[in-house]
Amino acid sequence: MSASSPTAVIAATGLFTPEQSISNAELVEAYNAWAELENARNADEIAAGTREALTPSSVEFIEKASGIKSRFVLDKTGVLDPERMVPHLPERSNDELSILAEMAVKAAREAIAAWGKPVSEIGAVLCAASNMQRPYPAMAIEVQQALGIEGFAFDMNVACSSATFGLKTAADFIASGSVKAVLMVNPEVCSAHLNFKDRDSHFIFGDVATAVIIESGDQAGPGGWDILGTRLKTVFSNNIRNNFGFLNNAAPEGIGKPDKLFVQQGRKVFKDVVPMVSEMIVSHASDLGLEPSGLKRLWLHQANINMNEMIGRKVLGRDPEPSENVIILDDYANTSSAGSVIAFHLHQENMAAGDVGLICSFGAGYSAGTVFVRKRG
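What counts, and at which threshold
Residues numbered from 1 in each chain as written. Predicted model: local features only at pLDDT ≥ 70, side-chain atom pairs only at ≥ 80, totals over all residues. Heavy atoms only, no water. Helix = DSSP H or I, 4+ residues; strand = E, 2+ residues; numbered from the N terminus. Rg over C-alpha atoms; globule rule 2.2 N^0.38 Å. Buried < 20%, exposed > 50% of the residue type's maximum accessible area, 1.4 Å probe, protein only. Contact = heavy atoms within 4.5 Å. Areas by Shrake-Rupley, 256 points an atom, 1.4 Å probe, with all protein chains shown as cover. Lys, Arg positive; Asp, Glu negative; His and termini not counted. Charge placed at Lys NZ, Arg CZ, Asp CG, Glu CD. Pairing = 2+ DSSP bridges. Axes fitted to C-alpha atoms, helices over the stretch in contact; angles between N-to-C directions. Left-handed = near helix turned anticlockwise from the far one by under 90°. Nonpolar A, V, L, I, M, F, W, Y, C, P; charged D, E, K, R; others polar. Polar contact = N/O pair within 3.5 Å; in protein donor to acceptor, adjacent residues only side chain to side chain. Phe/Tyr/Trp six-rings, centres within 6.5 Å; stacked < 30°, edge-to-face > 60°. Parallel < 35°, antiparallel > 145°, perpendicular 65-115°, else oblique.

K.L.:
Would you explain the overall build of the chain in this entry?
P.N.:
Summing up its helical and strand segments, the chain has 11 helices and 13 strands in all. Here the chain has a C-alpha radius of gyration of 21 Å; the compact-globule value for 377 residues is 21 Å, and the two agree. C-alpha atoms of the chain, sized along the principal axes, occupy 75 × 55 × 35 Å. A burial count over the chain gives 51% of its 377 residues as buried. Taking as baseline every contact in the chain between residues at least 6 positions apart, the subset at least 24 positions apart corresponds to 78%. For the chain, the accessible surface area stands at approximately 16700 Å², while carbon and sulfur atoms represent 51% of it. One way to put it: in the chain the 32 positive side-chain charges average out to a point 5 Å from where the 44 negative ones average out.

This is the structure in C-alpha cells:
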C-alpha cells in the first residue's frame, strides 16, 4: 500500500445469533444415547472382537479438550435426536431467501444500522465463509440483492480464516480505489457439516453470522478502527479436511461417508498451527513497528481455548489477562470464520483512541490471517 493509498477503516460490525442453544450436558446425553444404540446394534461384532465398542462422551472431556460449554444452532431438535444426529433444515425454493443469505442479511442489517449510512455507498459485498450451500449463484450476490446494494459481489472460502482473508481483500479494494466501502458477511451453519456421531469432534461447532463494513478513511466518520496492516499465509495440510463436493456425484459409493463432513487430526493441528500463528503475529507486528507485548486486545479465532491461551502467552510474553485475550467460544463454540469477528464485535469496550489490537484467524489449509487495528478518535 503506497503512502497515497486510502486507509481502510473497520466502520461497523453486526452479529446474528440463533435463538436455540445446546449445552454440553444435552449434547453428551444425545451422543451417549446414540452410542448405546450403536453398540446394541453391533453387539455380536463387539463380542467377537471385530468391532470396538463406542466410548461415551462427557461434559468434563469436552470442557477440558476445548473450553466449550455450549453452542448456538439453527435446529436443536434434529441434533439431539439419537436416531438422527443432524439438524433439520428443510430445503427452500429458489424463490425464497437462502438460509445462509438470511443469516448474513440479519447480521448485515445490524452493521448497516450501526454504520448509519445508506447502502448506496457500499460498492462490493463479500461472503467469506467455510461452507457455501451451493456453488452458484454466489451467496454474496443474493445478499447484495436482498439489501439493495449495487456494484459487485462474490463468495470466498478459506475455511476458518475466511473473515481475515475477506478483511484484507476489502482493504485492498479500498486502497486501489475500486470502491469506497465493502460489506463482508460470514454466515456459518457449522452444525450441518459437523459429524455429531464422532466423539472427538461432536462438540466443536456452532451456528452464527457476522458482518463487517470496511470503508475508506477519507470518508469515515469518527470512531471505528484504522486497519494498520494485513497479512495472509497458507500451508497445505490434510489435518483438517472436508471432502464434500459436486464430484461426489461421480463417485456415489463415497456419498454419506464420514470424510464428507468435518474431519480433523486435532493433536497434529495444535502442534503445527500454534507456532506458525504465533511467529506470524510477532513477525507482522515487528514489520509494522509494533511491540507485541503492547497489544491491548487479541481477538483470535475461537477454535480451542488451549490454543488461544498458548498463542496469547507467546505473543504477549506473559499470561494474558482475560480482557486482553478475548474468549467467546465457551458460549458460541467454534463458529469457523465468524469467531474472531464475534470476539471483536462483543468486546471492544474500554478501548481508548490509539489503542492497538489484533484480529487473527487460523484454520484448514492451513490458512492464517492477521489484521492489526488501531482505535480511532
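K.L.:
Before we go on, may I ask you to explain the sheet that holds strand β7 (residues 207–216) in this structure?
P.N.:
Through backbone hydrogen bonds, the strands of a sheet pair up, either in parallel or in antiparallel fashion. Judged by pairing direction, the sheet is mixed, and its nine strands sit side by side in the order β5-β4-β6-β7-β1-β8-β13-β12-β11 without closing on themselves. This sheet does not close on itself; its edge strands, each paired only once, are β5 (152–156) and β11 (297–300). Here the strands of the sheet are splayed against their neighbours by 25° on average, with no regard to which way each runs. Here strand β6 (residues 181–189) runs beside β7; their pairing, made up of nine bridges, is antiparallel. Across the sheet, L183 pairs through a bridge with I213, a residue of β7. Across the face of the sheet, helix α6 (residues 139–147) comes into contact with β4 (124–128), β5 and β6 while running at roughly 140° to β5.

K.L.:
How should the packing of helix α8 (residues 266–287) against helix α9 (residues 305–316) be read in this particular structure?
P.N.:
The packing of two helices is summarised by the inter-axis angle and the distance between the axes. With their axes 9 Å apart at the nearest point, α8 and α9 run at an angle of 35° to one another. Pair α8 / α9 crosses with right-handed handedness. Residues F270, V273, V274, V277, S278, I281 and V282 of α8 lie in contact with α9, whose contacting residues are N306, M307, M310, I311, K314 and V315. By residue class, the composition of the contact of α8 with α9 is 10 nonpolar, two polar and one charged.

K.L.:
When you look at the pairing of strand β1 (residues 8–16) in this model, what are you seeing that I'm missing?
P.N.:
Among the nine residues that make up β1, eight are buried, leaving the element largely enclosed by the rest of the structure. Where β1 meets β7, eight bridges bridge the pair, whose relative direction is antiparallel. Bridging across to β7, I10 finds its partner in I214. Taken together, the two bridges between β1 and strand β8 (residues 225–234) define a ladder with antiparallel strand orientation. Counterpart to I10 in the pairing with β8 is W225.

K.L.:
So what exactly am I meant to see when it comes to the environment of F246 here?
P.N.:
Its place among the elements puts F246 in the loop between β9 (240–241) and β10 (263–264). Measuring from C-alpha to C-alpha, the distance between F246 and P135 comes to 8.6 Å, with 111 residues separating the pair along the chain.

K.L.:
When you look at the side chain of T335 in this model, what are you seeing that I'm missing?
P.N.:
Within the secondary structure, T335 sits in the loop between α10 (329–332) and α11 (339–346). What makes T335 buried here is its relative accessible area of 0%. One polar contact links the side chain of T335 to the main-chain amide nitrogen of G339, over a distance of 3.2 Å. Once you skip the residues sitting within four places of it in the chain, T335 turns out to touch E188, C190, G206, V208, Q302 and I342.

K.L.:
Is there a simple way to explain the packing of aromatic side chains in this structure?
P.N.:
Working definition: an aromatic ring pair is given by the centre-to-centre distance plus the angle between the planes. Within this structure, the stated rule accounts for 10 aromatic pairs. With a centroid separation of 6.4 Å and an interplanar angle of 5°, the aromatic rings of F152 and F154 are classed as stacked. Overall, F152 belongs to the partly exposed group, its relative accessible area being 31%. Ring centres 5.5 Å apart and planes at 65° place the aromatic pair W225 and F344 in the edge-to-face group. Remark: F344 occurs in helix α11 and W225 occurs in strand β8; sequence separation between them is 119 residues. Using a relative accessible area of 3% as the deciding quantity, one classes F344 as buried.

K.L.:
Can you walk me through the environment of S176 in this structure?
P.N.:
You can see S176 is positioned in helix α7 (residues 162–176). Under the relative-accessibility criterion, S176 is labelled exposed at 52%. Separated by 106 residues in sequence, S176 and S70 place their C-alpha atoms 42 Å apart. Of note is the side chain of S176, whose polar atom sits 2.7 Å from the side chain of S178.

K.L.:
Just to check I follow, could you spell out the packing of helix α5 (residues 99–115) against α6 for this structure?
P.N.:
Contact geometry of α5 with α6 gives a least axis separation of 9 Å together with a crossing angle of 50°. By the angle class used here, α5 and α6 are oblique. The two elements α5 and α6 meet at a crossing, and its hand is right-handed. Packed against α5, whose contacting residues are L100, A101, A104, V105, A108, R109 and I112, the element α6 presents M139, E142, V143, A146 and L147 at the interface. The residue inventory of the contact of α5 with α6, partitioned by class, reads 10 nonpolar, no polar and two charged.

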